[in-house]
Amino acid sequence: MRSKILIIGMAVFLIGFLFVSTENTQAATKKSEQALKAYRSYLLSSQAEADSIGWNQGQFALIDLNQDGISELIVTGDGMYRFHIYAYVNGKVKIIGSGYSGDYSFYPNKKLICLTRVHGGDDVQTYYRFDGKKMSMKAEKHGCDYMNLVTGELKDTENEPYGYEPYIYKVKGKSVSASKYKAYVNRLKKGARKKKLKLMDITQKNLNKYL
């Protein structure tokens, strides 16, 4: 008798689990479809031009930065010289990051984005984590000019002796030594898998196919 009750209980639990799991999957699928529709509307809107990423002026890519089943939108204006990162937050398309002139690496399984830039005296390496709504800076190293990916702010150090500005290392906003920075980044990236962007021209054909 007890074994029958146990079996019935396990069956009820399993059915309930599958029901909740199915509901969650359907909800994520619906939100994903809403996000793609919203991205498409944005790219066809006048706001895209206001953001300097106008119709037929760039490329776009979709990538799930935090593996929640909802893709984020990367839009570039000139290769990766300038770009915006968008997320679908609270039913709206929101810019969560902007930048230019650099090498950007994406590690969705760790929810990480890395900016590396060595150009014109700049030497930058910055790590951000995306939580589904916003990006936060986790670690940064820079000498000479550097840019904040979240705000798009560029710190001008032109008046400093060229190539002689000391390196600055930070972890979660606090200054640290070079060795502590490297140790933290190694922990941050442990097991990280880099995902390559598939950039596509912003054309009617591609919007119809992917959004």
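Reference entry: report on the structure contained in this document.

### Details of the overall build of the chain
Here's step 1: The number of helices and strands found in the chain is four helices and 13 strands.
Here's step 2: Buried residues in the chain amount to 39% of all 211 residues.
Here's step 3: Roughly 12700 Å² of accessible area belongs to the chain as shown, and the carbon and sulfur atoms make up 53% of that amount.

### Some points on the nonpolar core
Here's step 1: The biggest cluster of nonpolar side chains holds 18 residues, and the ones touching the most others in it are L65, I74, I85, F106, I113 and M135.
Here's step 2: Secondary structure elements with two or more residues in this core: β1 (59-63), β3 (82-89), β5 (103-107), β6 (112-119) and β7 (122-130).
Here's step 3: In terms of residues, this core owes the most to one element, β3, which gives four residues.
Here's step 4: With sequence-adjacent residues up to four places away left out, I74 is seen in contact with Q59, F60, A61, I63, F83, H84, I85, F106 and L197.
Here's step 5: Residues L43, F60, I70 and L207 belong to the second largest nonpolar core, which totals 15 residues.

### Some points on the packing of aromatic side chains
Here's step 1: Evaluated as defined, the whole model comprises two aromatic pairs.
Here's step 2: Note on Y42 and Y86: the rings are 4.7 Å apart at their centroids and 50° apart in plane angle, and the pair reads as tilted. Residue Y42 is found in helix α1 (residues 2-43), and its partner Y86 is found in strand β3; the two are separated by 44 residues along the sequence.
Here's step 3: Accessibility expressed as a relative area gives 1% for Y86, which makes it buried.

### Comments concerning the side chain of T126
Here's step 1: Examined against the element boundaries, T126 turns out to sit in strand β7.
Here's step 2: T126 has contacts with I113, C114, L115, M137, A139 and E140, leaving out every residue within four places of it along the chain.

### Thoughts on the pattern of salt bridges
Here's step 1: The final tally for this structure, using the stated rule, is one salt bridge.
Here's step 2: Note that D131 is salt-bridged to K134, the shortest N-O span being 3.3 Å.
Here's step 3: Classification of D131 by relative accessible area gives partly exposed; the value is 46%.

Calculation criteria
- Residues numbered from 1 in each chain as written.
- Predicted model: local features only at pLDDT ≥ 70, side-chain atom pairs only at ≥ 80, totals over all residues.
- Heavy atoms only, no water.
- Helix = DSSP H or I, 4+ residues; strand = E, 2+ residues; numbered from the N terminus.
- Buried < 20%, exposed > 50% of the residue type's maximum accessible area, 1.4 Å probe, protein only.
- Areas by Shrake-Rupley, 256 points an atom, 1.4 Å probe, with all protein chains shown as cover.
- Core = buried A, V, L, I, M, F, W, Y, C linked by side-chain atoms within 4.5 Å.
- Contact = heavy atoms within 4.5 Å.
- Phe/Tyr/Trp six-rings, centres within 6.5 Å; stacked < 30°, edge-to-face > 60°.
- Salt bridge = Lys/Arg side-chain N within 4 Å of Asp/Glu carboxyl O.

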